[in-house]
Every structure is written in C-alpha cells, then in structure tokens.
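# Observations on chain architecture
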Amino acid sequence: MSFQVTDEERDGWAVLRVSGEMDLVSSPAVRQRVHEAVAEGRHSVVLDLSEVFFCDSSGVGVMIAARRLMRSCHGSLRVVLPARGAEEGSHVNRVLAALGVRRLFDVYPDVTTALDERVRPMSA
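Just so you know, these numbers come straight off a predicted model, no measurement behind them.

The secondary structure content of the chain amounts to four helices and five strands. For the chain, the α and β elements follow one another from N to C terminus as β-β-α-β-α-β-α-β-α. A compact globule built from 124 residues would reach a C-alpha radius of gyration of about 14 Å, and the chain, at 13 Å, matches this within 12%. In terms of its C-alpha atoms, the chain occupies a principal-axis envelope of roughly 40 × 35 × 25 Å.

See the structure below:
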C-alpha cells in the first residue's frame, strides 16, 4: 500500500484521510495538509488514520503538532482510530498508548461518529 493523504469537507469539518505508513518520509505531508486546512480557515479537522498500518515517532510528532496547532487557533482535532478487534486494535492506537499520549486525543471509531456532535470520544 502506498502512502496517500486525501481531504474532503463534511459538515464543516476538514476530513484528512491518511493511508499507508506515517514515518519520517511521509509524515511531513500530513503536517503540510493540516497546516493548509488551517490556512484555508478550516479549524475543525478530523484526522482519519484508519488506513495507517505503521506509525513511528515522527508520525506521533505530527499528531501532537497538529493538536497543538488546532488548540492555538481555538480549533478542534478529532482522530479516527478504529478498534479492529479487542486484541489487535489499530497500530496507531497501540503506539499512542505505549508512548502514553493516547489520552491527548479525542478518538473516534469512524468518521461518521467523529462528525456527530452528540457522540463523546472513546476513552483512552
């Protein structure tokens, strides 16, 4: 699977869908897309990582930087990390939990749920 970032606007949210590996080579593209969304005045961002099968520390760094950017512009960041089964879960979710930063993010199981203002994020 090759790395790809696509975006769309749904219900006033910029939805950035990332697929492939989020590593030292590809993470700057994710960072750039988040910055572009904010520069376009879109301060509500859903970062869909449901198709990310590998994430290293640079990917985690991009997520933390995106959170910081969204907070600085009084925006909102929601992250999609599906629970692909109780035992395996998503790779990104396991990495965030192992690093102790999972609690920093509002995590949802899918984009539709992330866009629903009535739904609370999943617990860490």
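Core analysis: the largest hydrophobic core is formed by 30 residues, its most contacted members being Leu49 and Met63. Those elements giving two or more residues to this core turn out to be strand E2 (13–22), helix H1 (27–39), strand E3 (44–55), helix H2 (57–72), strand E4 (76–80) and helix H3 (91–99). If we skip the residues at most four places from it in the chain, leucine 49 touches Val18, Met22, Met63, Val79, Val80, Leu81 and Val92. In this structure, Val15, Val46, Val111 and Leu115 belong to the second largest nonpolar core, which totals eight residues.

Assignment of secondary structure puts aspartate 48 in strand E3. Overall, aspartate 48 belongs to the buried group, its relative accessible area being 4%. Only 2.7 Å separates the side chain of aspartate 48 from the side chain of serine 50, close enough to count as a polar contact. Apart from the residues within four sequence positions on either side, aspartate 48 is in contact with Leu16, Arg17, Val18, Val80 and Val111.

Calculation notes
- Residues numbered from 1 in each chain as written.
- Predicted model: local features only at pLDDT ≥ 70, side-chain atom pairs only at ≥ 80, totals over all residues.
- Heavy atoms only, no water.
- Helix = DSSP H or I, 4+ residues; strand = E, 2+ residues; numbered from the N terminus.
- Rg over C-alpha atoms; globule rule 2.2 N^0.38 Å.
- Core = buried A, V, L, I, M, F, W, Y, C linked by side-chain atoms within 4.5 Å.
- Buried < 20%, exposed > 50% of the residue type's maximum accessible area, 1.4 Å probe, protein only.
- Contact = heavy atoms within 4.5 Å.
- Polar contact = N/O pair within 3.5 Å; in protein donor to acceptor, adjacent residues only side chain to side chain.

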